[in-house]
Structures are given as C-alpha cells and as structure tokens.
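So the chains spell out like this:
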Amino acid sequence: MAARAFGRRSRAAGATPASDGEPAALPTAVASHAASRPAPSAEAFISEIVAKVHPVIVKSLDMTKISTLSNEQLAGQLLQFLGTDEAGVPDLSPLDRQKAVTELVHDIKGLGPIEPLLHDPLISDILINGMDSTYVERGGRLERVDIRFRDRQHLLHIAQRIAGRVGRRIDESSPMVDARLEDGSRVNIIIPPLALDGAAISIRRFVMRGVSLEQMAERQVLSPAMAELFRIGVKARLNILISGGTGAGKTTFMNALSKEIDHSERLVTIEDAAELQLQQPHVIRLETRTMSAEGTGRVTMRDLLVNTLRMRPDRIIVGEVRGGEAREMLQAMNTGHPGSMCTLHANNPREALTRMENMLMMAGGEMPLPALRRQIASSVDMVVQLARLRSGHRCVTSATNVVGIENDIVTTEEIWRRRPGEAEHVFETSGRQPAWMPAVDAIDLREPLLAALQADPRIGEDEL
C-alpha cells in the first residue's frame with residue numbers, strides 16, 4: 001500500500017459543501033474568476049483549473065512521501081483528491097479530470113508542460129523562448145506549439161528542476177547551464193538577467209539513436225556505395241574528421257560509424273555533454289565538468305584528453321573539438337591511436353581544416369604555421385561534411401580525402417559529394433583511389449573499395 005502523500009486538512013476557504021448528487025463549488029476566488037472569463041478552449045480551461053488548484057495541492061503534499069510514489073500511484077491519489085471539497089474543482093468529465101491529473105503529475109514530478117514533448121518520438125528539438133513562445137523541430141522543420149506556463153516563476157522553477165537533476169545550479173549568480181537529461185538529451189538553459197524575456201531552454205533530443213550506415217542509406221542521407229566507403233574506412237583505422245553546422249547530424253553519423261568498430265578494441269569517448277551511444281563492450285565514457293559556484297572544480301576537454309592518453313585506448317572519440325584540445329587530438333591520431341574520430345563546426349571541408357589550424361594556433365606553442373599544417377595533413381585522413389538542407393533533410397554532402405602537403409598548403413581531393421542543385425538525392429564519386437589505399441590493402445579490402453568507387457555517377461558527368 002503506497003503511503004498517502006496528502007495530509008488531512010480543513011475544507012478550503014470559501015468552498016461550499018456539496019449536497020448529495022451535486023459537485024463541490026469552486027473556492028470563492030476561483031469561482032469569481034470563472035464567472036468573469038470568456039469561454040476558453042478545453043485545454044486552456046483544464047490548464048486554468050490546474051493553475052488554481054496547484055497551490056492547494058502543494059500545501060497538502062507531504063514531500064517526504066511524494067518521492068516514494070510512482071507516477072501512477074501519485075496520479076491515483078490526485079484523482080481522489082480532486083474529488084474532495086478541499087480541492088474545490090468544478091464538475092469535470094472523467095476525461096477532463098484525467099487530463100488535469102496528468103498535468104499535475106507532470107508539474108509535481110516531471111518537467112511540467114514540457115513533459116509530453118519529451119515523449120514525442122518525432123520531436124528532435126524543443127526551444128522555449130520565455131513563457132509565451134515555444135517551438136519544436138519535427139522532420140527538420142520548426143513549428144510553434146501551444147504549451148502554457150503559469151508565469152515566469154513557473155518556467156524558472158522547471159529550469160531549476162532540470163539543472164538540479166544533473167547536479168547543477170542555476171540562479172542569478174550562475175545564470176547559464178549546459179547539461180543533459182536522464183535520457184541523454186542535451187539541454188542548455190539561460191535565465192534572467194541574461195535572458196530578457198524569461199528563462200530560455202533549448203533541448204536537443206535524439207530521434208535516430210542506434211541508426212546504422214545501412215539505415216542512413218535507406219533514408220538517403222548517403223548512398224549505399226558511400227556507406228561501404230565509410231565502413232571500410234573505419235575498419236582500415238582512418239582518422240576521420242566529421243564537419244557540419246548545428247543540427248546537421250554529426251553526432252548521429254558518428255554513432256553510425258562507431259558501429260563498425262571491432263568489439264575487441266578499447267574505446268574512450270570524451271564529450272561536453274554525453275551523447276554518443278557506442279555499442280561496443282569496452283568503452284570508457286568521459287564528460288567535462290563546469291566550474292562550481294565557488295570557482296573551482298572545472299575539468300576541460302583538454303584535461304580529459306591528456307588523461308586519456310594514459311589510459312591505453314585503441315581509439316579516442318571526441319564529441320566536439322572546439323579549442324586547445326585540438327593539439328592533443330592530432331597527437332593522438334598521429335602517435336599510436338589510429339582510427340580516432342572527432343567532430344567540429346564548419347560549413348565545408350576546407351573550412352574544417354582551417355578551423356583545426358586556427359585552434360592549434362590559439363592553443364599556444366612555438367610551432368610555425370607550415371609545421372602545424374604538416375601535422376594536420378599527417379593526422380587527418382578524411383573529412384566528412386554533413387548539412388541540413390532547407391527541406392529539413394540531413395545528408396552527407398561531401399567525403400574528402402586529405403592528400404598531403406604541397407607548397408605548405410594542405411591538399412585535399414573530393415571522393416564523393418551530393419550533386420548540388422538537385423531536388424532528388426544523387427551522390428557522385430570521383431572514382432579515384434584515395435591516398436590511404438595502403439591502409440585498405442593492409443586489411444585486404446581493396447576490391448570492395450574499388451567497386452564502391454565505381455558504383456555511383458561520376459563527378460562532372462551528365463546524367464544518362
């Protein structure tokens with residue numbers, strides 16, 4: 001028998017006792033408001049009832065017992081409570097009463113109005129811009145949704161609950177948080193005084209978890225021949241740089257690539273917010289830590305990378321390179337950890353290599369620019385570019401081979417690309433053998449790679 005979360009309390013002030021067969025009247029303040037308001041929609045009416053009854057419930061809750069109840073047990077007790085004089089709710093249909101209970105459970109134990117959005121498998125992003133503006137992304141397109149927060153304080157309370165669940169705090173002295181939810185979704189929160197219109201919450205969800213290269217080919221993210229190229233590249237232990245803009249699908253693509261790694265290898269992943277879902281049995285997952293309110297305890301990506309080099313990894317997978325850790329990442333790629341992967345933000349492969357170069361320069365040191373470029377050319381084997389098209393479709397737009405150095409410039413050659421200006425998804429290949437063919441020969445996969453290189457239309461050829 002679950003412990004009861006409600007104590008015995010006197011009838012709410014202003015409530016009129018119910019006679020036999022008649023529903024209890026609303027408390028005076030609620031009844032007065034109900035009489036003066038225009039007829040709202042059913043959802044708005046239920047939200048209004050929830051907003052009015054919520055303070056009464058909070059005063060009646062025994063918080064020491066509420067944590068011991070499951071959502072179903074709490075819903076059962078709330079359903080009983082809403083039928084009492086103390087709750088003071090109007091006569092609701094069973095369906096409306098159940099909807100009110102669901103909203104209350106979300107408010108008490110979940111994330112309030114956000115909770116239903118977190119359970120919609122079609123939603124990949126939830127963007128809350130203050131209490132009056134919420135957008136979601138479905139199928140690559142943003143659309144506004146009608147969810148209601150009681151006031152700014154209600155939204156702030158939800159933001160603080162999210163931060164509290166991951167051991168972070170958010171208040172005026174620490175108004176920004178970057179963390180993740182229990183299901184792995186990434187969340188960023190910024191509150192007043194930095195956010196002028198109330199708390200802004202951005203949640204990045206992952207609707208393509210566990211996707212494989214074959215499934216990506218079926219969804220026209222890439223061609224089947226490109227999938228074969230990437231599969232061989234992972235088995236040949238190429239160092240792969242995955243580039244793209246925000247929301248282009250870099251993490252999803254890296255998850256798909258990682259499925260091709262042999263289960264006998266020891267992997268270490270390093271991320272700001274853990275998103276990678278590697279399926280191998282021997283995986284060490286590391287995550288950075290932000291500075292505490294006292295200004296101590298910060299652990300950066302670079303700190304973790306330096307430590308990882310002492311952990312005997314076979315491959316190192318970095319969620320996103322964005323600073324000084326680029327130096328350690330390239331050293332790892334070039335000194336005993338082939339097959340490593342990382343992502344970064346860039347709009348094309350050339351820009352990705354330039355960004356890597358800039359990060360190395362900002363990391364300090366006395367290494368001249370030509371030497372930095374030689375280090376990049378000797379460490380990175382392939383750059384994979386992803387993009388989100390205007391239609392919302394995410395796809396691989398280019399696979400580029402890093403050839404080497406010529407006149408102190410990193411030289412590259414495009415192996416595959418998505419044909420530009422096409423409504424349909426056509427992928428073209430140069431058909432040329434990449435510079436890293438010796439690594440493919442070492443695992444005896446030359447013939448499958450040559451077949452893949454001839455499978456798609458050639459770059460520059462007219463369609464037949």
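Higher on the page you've got the structure.
Bear in mind the structure is a predicted one, so any value in this text is a computation, not a measurement. (Residues numbered from 1 in each chain as written. Predicted model: local features only at pLDDT ≥ 70, side-chain atom pairs only at ≥ 80, totals over all residues. Heavy atoms only, no water.)

(A) Spotlight on helix α13 (residues 349-362). With 14 residues, α13 extends 20 Å between its outermost C-alpha atoms, agreeing within 8% with the 20 Å of an ideal straight helix rising 1.5 Å per residue. Listing the buried residues of α13 in full gives P349, A352, L353, M356, E357, M359 and L360. Buried residues of α13, seen end-on, are gathered within an arc of 160 degrees and therefore sit on one face of the element. Sitting at the amino-terminal end of α13 is N348, which places a side-chain oxygen 3.2 Å from the backbone nitrogen of R350. Backbone geometry just after α13 places G364 at a positive phi near 90 degrees. (Helix = DSSP H or I, 4+ residues; strand = E, 2+ residues; numbered from the N terminus. Expected span 1.5 Å × (residues − 1). Buried < 20%, exposed > 50% of the residue type's maximum accessible area, 1.4 Å probe, protein only. Arc of directions from axis to C-beta. Polar contact = N/O pair within 3.5 Å; in protein donor to acceptor, adjacent residues only side chain to side chain.)

(B) Geometry of the environment of I189. Tracing the backbone shows I189 in strand β5 (residues 186-190). By relative accessible area, I189 is classed as buried at 0%. Once the C-alpha coordinates of I189 and L156 are considered, the two residues, 33 residues apart in sequence, prove to be 9.8 Å apart.

(C) Highlighting the sheet that holds strand β13 (residues 394-406). Spatially, the nine strands line up as an open sheet ordered β9-β8-β10-β11-β7-β12-β13-β14-β15, and their pairing is mixed. Among the strands making up the open sheet, the edge pair consists of β9 (283-287) and β15 (427-429). Direction aside, the axes of adjacent strands within the sheet are offset by 25 degrees on average. Here helix α11 (residues 301-308) sits on the sheet and contacts β8 (267-271), β9 and β10 (315-318); the angle it forms with β8, its principal contact strand, is near 170 degrees. (Pairing = 2+ DSSP bridges. Axes fitted to C-alpha atoms, helices over the stretch in contact; angles between N-to-C directions. Contact = heavy atoms within 4.5 Å.)

(D) View of the sheet that holds β5. What the six strands build is an open sheet, ordered β3-β2-β1-β6-β5-β4; its pairing is antiparallel. Edge strands, defined here as strands with exactly one partner in the open sheet, are β3 (141-144) and β4 (176-180). Between one strand axis and the next, the sheet turns by 15 degrees as a mean value, whatever way the strands run. On the sheet, helix α7 (residues 152-165) packs against β1 (123-129), β4, β5 and β6 (200-204) and is oriented at approximately 135 degrees with respect to β5.

(E) Inspection of the pattern of salt bridges at higher detail. Under the defined criterion, the tally for this structure stands at 21 salt bridges. Within the structure, one salt-bridge network assembled from shared partners comprises E214, E228, R231 and E260. (Salt bridge = Lys/Arg side-chain N within 4 Å of Asp/Glu carboxyl O.)

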